[in-house]
Amino acid sequence: MKKWTVSQEGLKIIATVTMLIDHIGAVLVYSMYAAARTAGDAEMANAVVPVYQALRIIGRIAFPIYCFLLVEGYHHTRDMKKYVYRLAIGMVLAEIPFDLALSGAFDWTSSSVMVTLLLGLLMMVGMDCMTGWMKLLAIPPFYGIAEVLGTDYGGNGILLIAMLALTRGIPKEKLWRTLGFI
C-alpha cells in the first residue's frame with residue numbers, strides 16, 4: 001500500500017484556504033454580527049454566532065501549518081538574510097491591512113501573525129548561536145516581545161515555533177510534537 005503524504009505546496013494551500021476562511025469569519029461574519037446587535041436584532045445576531053465560531057475554528061488550522069513551514073524553511077534555506085528580509089517585508093505589507101480590517105485604523109495594540117512568525121524566525125537564529133539546553137534561553141525574550149506587541153497567538157505562538165524547532169530531527173520527533181500540540 002502506498003503511503004499518503006502531503007507536500008509542502010499542499011500544506012501551503014491548506015493553510016492559505018483555512019486562513020481565508022478564518023478571515024472571512026473575523027471580518028465579514030463578525031461585521032454582520034455587530035450590525036445585527038447594533039440594530040437590536042438579537043435573533044439575527046444569535047444566528048450568526050455559530051457560523052462565526054465555525055469559521056474561526058477552521059481557521060485555527062492555518063497557524064500550526066505556517067509554524068511548521070517556517071521551521072522547515074529555516075532549516076532548508078541557503079540564505080538566512082534573504083529569508084528574514086522576505087518575512088519582514090511580508091510582515092510590513094500585512095500589518096496595515098490587518099489593522100484596517102480588524103479595527104478600522106492603524107493600531108499598535110495588536111499585531112498580525114506575520115510579526116509572530118518573524119519573531120519566531122529570529123528566535124531560531126538565536127537558538128542556533130547556542131548549544132544544548134542553553135537554546136531554551138532564546139525563548140523567553142521573544143515570548144515577552146510577542147506578548148508586549150500583542151501579536152496574533154502571542155507568546156504561545158512563539159512556544160509552538162520553539163517546540164517545533166527543538167523537536168526537529170530528534171528520535172520520536174512525531175511523538176514529541178504530538179504531545180506538544182496537545
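Residues numbered from 1 in each chain as written. Predicted model: local features only at pLDDT ≥ 70, side-chain atom pairs only at ≥ 80, totals over all residues. Heavy atoms only, no water.

### Comments concerning the packing of helix α6 (residues 139-149) against helix α7 (residues 154-167)
Then comes step 1: Running from N to C, α6 and α7 point in directions that differ by 150 degrees, and their axes come no closer than 7 Å. One finds that α6 runs roughly antiparallel with respect to α7. Note that α6 runs across α7; the crossing there is right-handed. For the pair α6 and α7, contact is made by Ile139, Phe142, Tyr143, Ala146 and Glu147 and by Gly154, Gly155, Asn156, Ile158, Leu159, Ala162 and Leu166, respectively.
Then comes step 2: Considered class by class, the residues forming the contact of α6 with α7 number eight nonpolar, three polar and one charged. (Axes fitted to C-alpha atoms, helices over the stretch in contact; angles between N-to-C directions. Helix = DSSP H or I, 4+ residues; strand = E, 2+ residues; numbered from the N terminus. Parallel < 35°, antiparallel > 145°, perpendicular 65-115°, else oblique. Left-handed = near helix turned anticlockwise from the far one by under 90°. Contact = heavy atoms within 4.5 Å. Nonpolar A, V, L, I, M, F, W, Y, C, P; charged D, E, K, R; others polar.)

### Quick notes on the pattern of salt bridges
Then comes step 1: For the structure shown, the criterion picks out five salt bridges.
Then comes step 2: Across the pair Lys12 and Glu9 runs a salt bridge whose closest N-O atoms are separated by 3.5 Å. With Lys12 and Glu9 both in helix α1 (residues 8-38), this residue pair falls three residues apart, about one helical turn.
Then comes step 3: Judged by its relative accessible area of 48%, Glu9 is partly exposed.
Then comes step 4: Across the pair Lys135 and Asp128 runs a salt bridge, and its minimum N-O distance is 3.8 Å.
Then comes step 5: A residue is classified by how much of its surface remains accessible, and Lys135, at 23% relative accessible area, is partly exposed.
Then comes step 6: Each of Asp22, Arg56 and Arg60 takes part in one network of salt bridges that share partners. (Salt bridge = Lys/Arg side-chain N within 4 Å of Asp/Glu carboxyl O. Buried < 20%, exposed > 50% of the residue type's maximum accessible area, 1.4 Å probe, protein only.)

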